[in-house]
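# A closer look at the structure
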Amino acid sequence: MAVLSTNSAGSKAPQMSSNKVATGLVCLAIVLTALQYAGLLPAWLHRLPESWIPPFAVWLDAAFNFVRTDLGLEKLTRWFAEGPLQFMLDTTANLLYGKKRWPRFEQIPWSAIAASAAVLGYYLGGWRLAVLAGGTFVWTALIGQWKIAMETMSVLLVAAPLAFCIGISLGIAAWKYAWVDRAIKPILSVLQTLPFFTYLLPAVIFFKVGPTAGAVATIIYAIPPMILMTTLGLKKVSPEVVEAGKMSGCSRWQMLRHVYVPAARTEILVGVNQVIMLCLAMVVLTAFIGMPGLGAKLLAMMGSFMLGRSFEIGVTIVLLAVTLDRLSKAWVVKLPEHFEKGTPWWKRHKYLLAGLGAFVFFTVLGQFVEWFAEIGRRQSLSQGKEIDTAIKTFLAFDIVQGTTEKIRYVLNVWVLNPFRDFLLSIPTIGFILLVVAGALALGGRKSGIYAAVFFGLVALTGWWDRSVITLYSVISAVILATLIGLPIGIAAARSEKWSKRVLLICDTAQTFPSFIYLIPAIMLFGITATSVVMSILIFAMVPLVRYTVEGLRGVPPEMNEAADMSGSTRMQKLWNVQLPLALPTMAVGFNQAIMFAFFMVIIAAFIGTQDLGQELQKTLAGTDLGKNFVLGICVSLMALTFDMAIMTWAERKKRVLGL
Amino acid sequence: MVQDQIAKTWMGTFMASDAPVIACRNVWKIFGDDPTGYLKKMPSGHSYDDIRADGYIAGVKDVSIEVGRGEMLVIMGLSGSGKSTLVRCFSRLHDITGGTIEVEGQDIMALSEKELIDLRRNKMGMVFQSFGLLPHRTVLDNVAFPLEMRGQDKHARRARALEVIKLVGLEGREDYFPRELSGGQQQRVGIARSLAIEPDIWFLDEPFSALDPLIRREMQDEFLRLQEMLGKTIVFITHDFDEALRLADRIAIMKDGAVEQCDTPDQIVMNPATEYVRKFTEEIDKSRVVHAGILVKPDQKGEGDPVPAGATIHALASTLVSDTREFIPVVDNDTVIGAISRQEALHVLVGSN
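Residues numbered from 1 in each chain as written. Chains lettered and ligands numbered in written order. Predicted model: local features only at pLDDT ≥ 70, side-chain atom pairs only at ≥ 80, totals over all residues. Heavy atoms only, no water.

### Points about the confidence of the model for chain B
Residue and element names in this part refer to chain B. Spelled out, the test is: The predictor's confidence in any single residue is recorded as pLDDT, a number from 0 to 100. A run of DSSP states H or I qualifies as a helix once it reaches four residues; a run of E qualifies as a strand once it reaches two. Both are numbered from the N-terminal end. Throughout, a residue-residue contact means that at least one pair of heavy atoms, one from each residue, lies within 4.5 Å.
Mean pLDDT for chain B: 86, with 95% of residues reaching 70 or above. Confidence scores differ between elements of chain B, with helix H1 (residues 2–11) showing the lowest mean pLDDT of 36 and strand S8 (residues 233–238) the highest of 94. Contacts from residues 1–17, a stretch scored under 50 in pLDDT, to residues over four places away or in other chains number 16 contacts.

Listed below in structure tokens is the structure:
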């Protein structure tokens, strides 16, 4: 105890002073803002004068051009795009939807794929997964989206394995060599906060428009978690297993191949799951650079406000996501089991044989009965128009219309617009001071310094107003999400049953590609600023609820019992025991909500915003790589500032609480 | 010793000299940022706590010890006393900071990576406290693993693995995965794996600590049976004194990285070298450890029926209590080597000094 108390006293001293500094900074910011309102602030203090802004975009462009043409990188990437990558994409495309390119293969009948998927599902997780996997493909075929779904899958089939291979190699390298680890870490954290539009343009420039660029952007986007999970898994291998390997006389390669990688199986497979999910999310988003498939169709349908068809495509995407997620997760927990001695060969491999059998049967059947091979446009069961009408009728009800109108009005006029205008009215310097103060109070001096540097850079790029608008969308959506999500989480955490249900919903919702979240928002609020905030809100609420439940349920039972035995009421227990102990975990959820919001706000540019996302989306049409990067980095820097401050706070708090 | 002879005949070739299998001299293993540099600068006579105050941990502290052929040396001490570290130095799972370790006359720190791998592939086996089994391999594949690593062909390694699996009594479970077995069975797999390559030197790092007491007892019996059959050179780690007494030819007691005393169980019980060792041995029933041979006074002859030198005092209890002689003769291999004082033996029996 004595040691503990001196420790906490020791860490308190510097925090006190940084709190004082933070208060000082806030006061300064208030004074500056007040001066601004009084009209006494010189213009150069309100916003940086144009002439002060260094031409980052031009410099970056020059650098890119140098790498691209002078160093000949473009030749290499173009060769890769037109050679091996194109070949792989053609192969999967031919197999899945008969793209009729060299190498020519026949299109695999949809029924054969559905049947094989069902067998795989049964092998991995019993009847439920069999129905889910088989049903997803049957639905896709019947609803008449087979071709576009397979366009998406053909890229996924190439991108996911490549991302896995690159990710696991880099992960092993980072685990083995400290210098690789040091080099990769900062790049990874930037990559994970970089808005996806920033992946897209370089992909287009270096790898041409269409599937190749889409595949490359997808691969790059999906690599970081694979690296992290690989390193994590390898580090966790039990030292005794390692020593057993060494004492068995393994060479280095044998150690890696036979000891480390198999022992890290679980983490590596979790990485595979994440790779698949991120690939799917990204493949859908590459619609923005002309990648055909589900994403492109959804984009087109939403653009022309055909809600019924958008809804159907949304369902397909969700089903695919859930299927891929559940299958890969079932693979993680699937452990080998032995067969009794003398089990015949066919019994040992019965699932493989059943899968092959189903595949061959339906392929042959497809040759004779056209319906089993391909479902024509006329035959599909799509109810797009009917759903459209249904949704429109529903929205036209007075109550519904009145409610959405009212929400929109209140939010826009009383909350969102005033808040935005207020944020924009704060002088640049004042705004930075506020952010630094926040970071200082939360994460200490280091976070404060990073916040100053990062936001200073954002100001220097000259995109300040658009950055503030981005930030405004993020902050307002996250605050609203907190107001709604926190009570839900707290209520759910009260019972075991509801916690499980809510966690399952959150888990499932997290597998949906982000694009999906736009659909309900657009349905209810049309193409307006409110739906931007709404889509971010729904998206950001998922981690908030999830971590709130997990944090509250994670409170050690003896603490709860101690509180009960001390005679505290439910409310007292919640406020004095559960919430304080759950707070660090909840902070992680809050942080993730902010990260998700930064991600979503850029996608929401599609609806029409005035922020960085809008500018980013505009750059996709051209070749303005410099500007694209500057904008992307702005988003990334802002997100990193929050990430660093909140995570530092959560970790310190956890340590202090001894969790 | 008898076991020596068993070992020598069993191994067929034995060296003319009684050169130790493992010989380590002034071995140091220090953990920290720059252990080698620190050891060079460190003044002699630094204690464990002095070293710790400098920010280093002395895992092994100036240990000199030898293990003879066919001998079973038990290293014991509390957790953190450095016993596991010392054994990992013997097999070079840890590189030592100072001193030399020779295995069969070869300085193992001078071995190249390839030579070290060869040594482990052909001469050494090791059993781990939490088994260290590879979770994705069946019992058969786990046991055959060291054979696979040295490139033996599939049929040969399968045959050998089945042989060892039978030896440890796991026949019929070859296709099970480790998680499908109980703790005791898992450790049998670990033992089988370590024996698969027919090692000369066998390291066992607290092999039975993770098992519950009944199984532990059973495994100890099993282990003694194996040892009688195979006669390996063994370094056995335990923190359980009873286990040590049951198994050991010699016991080394460690504290803070240093060996406090290394001697036969009799000697450790009767003549503890330090206060720490004395405290360690205080609680045990000495009569079950001490043999008549150790109490022999060569200048005494005694009269009447002799007792064997190898019998424990506990085994002689009824003779000692009912007899009236002052000195009882002791024989070793049919020759009288002296006599024990009955009074002294009774003191041992009742535990008074």
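Resuming the write-up.
### Looking at the state of the cysteines
Stated formally: Pairs of cysteine sulfur atoms within 2.5 Å are what we label disulfides. Between buried and exposed lies partly exposed: a residue is buried under 20% and exposed over 50% of the maximum accessible area for its type, with that area taken using a 1.4 Å probe on protein chains only.
Within this structure, the stated rule accounts for 0 disulfides over all chains. There is no disulfide at A:Cys165, and the cysteine sulfur nearest it, in A:Cys279, is 12 Å away. For A:Cys165, a relative accessible area of 42% translates into the label partly exposed. With no disulfide partner, B:Cys89 has as its closest neighbouring cysteine sulfur the one in B:Cys24, 8.6 Å distant. Taking the relative accessible area as the measure of exposure, B:Cys89 reaches 1% and is therefore buried.

### Regarding the domain arrangement of chain A
Residue and element names in this part refer to chain A. Where we set the bar: Where each domain starts and ends comes from a domain assignment, either automatic or drawn from a database. In this description, buried area is defined as the sum, over both parts, of the accessible area (probe of 1.4 Å) that is lost when the two are combined. Just to be clear on terms, a salt bridge is a Lys or Arg side-chain nitrogen sitting within 4 Å of an Asp or Glu carboxyl oxygen.
Taken domain by domain, chain A consists of domain 1 (20–52 + 430–460), domain 2 (63–108 + 143–335) and domain 3 (392–425 + 463–657). Between domain 1 and domain 3, the C-alpha centre-to-centre distance is 25 Å. Contact with domain 1, which involves 19 residues of that partner, is made by 21 residues of domain 3. Of the roughly 1800 Å² buried at the junction of domain 1 and domain 3 (both faces included), carbon and sulfur atoms supply 73%. If you sort the residues of domain 1 by the area they bury against domain 3, Phe431, Leu442 and Val458 come out on top, with a joint share of 35%. Taken together, the links from domain 1 to domain 3 amount to 1 salt bridge. A salt bridge links Arg47 to Asp465; the nearest nitrogen and oxygen atoms lie 2.8 Å apart. Those elements that provide at least two residues to the side of domain 1 that touches domain 3 are helix H1 (2–38), helix H20 (428–443) and helix H21 (445–460). A total of 8 residues in the side of domain 1 that touches domain 3 trace back to one element, the largest contributor, which is H21.

### Examining the environment of A:Tyr199
Residues and elements named next belong to chain A. Put simply, the rule reads: Each polar contact in these results corresponds to two N or O atoms within 3.5 Å; when the atoms are within protein, one needs to be able to donate a hydrogen and the other to accept it, and residues that are neighboring in sequence are counted only if both atoms are side-chain atoms.
Mapped onto the secondary structure, Tyr199 falls in helix H8 (residues 196–207). Along the primary structure Tyr199 and Ala217 are separated by 18 residues, whereas in three dimensions their C-alpha atoms are 5.6 Å apart. Not counting chain neighbours up to four residues away, the residues in contact with Tyr199 comprise Leu191, Gln192, Leu194, Ala217, Ile220, Tyr221 and Met282. In terms of polar contacts, Tyr199 uses its side chain to reach the backbone carbonyl oxygen of Leu191, at 2.5 Å.

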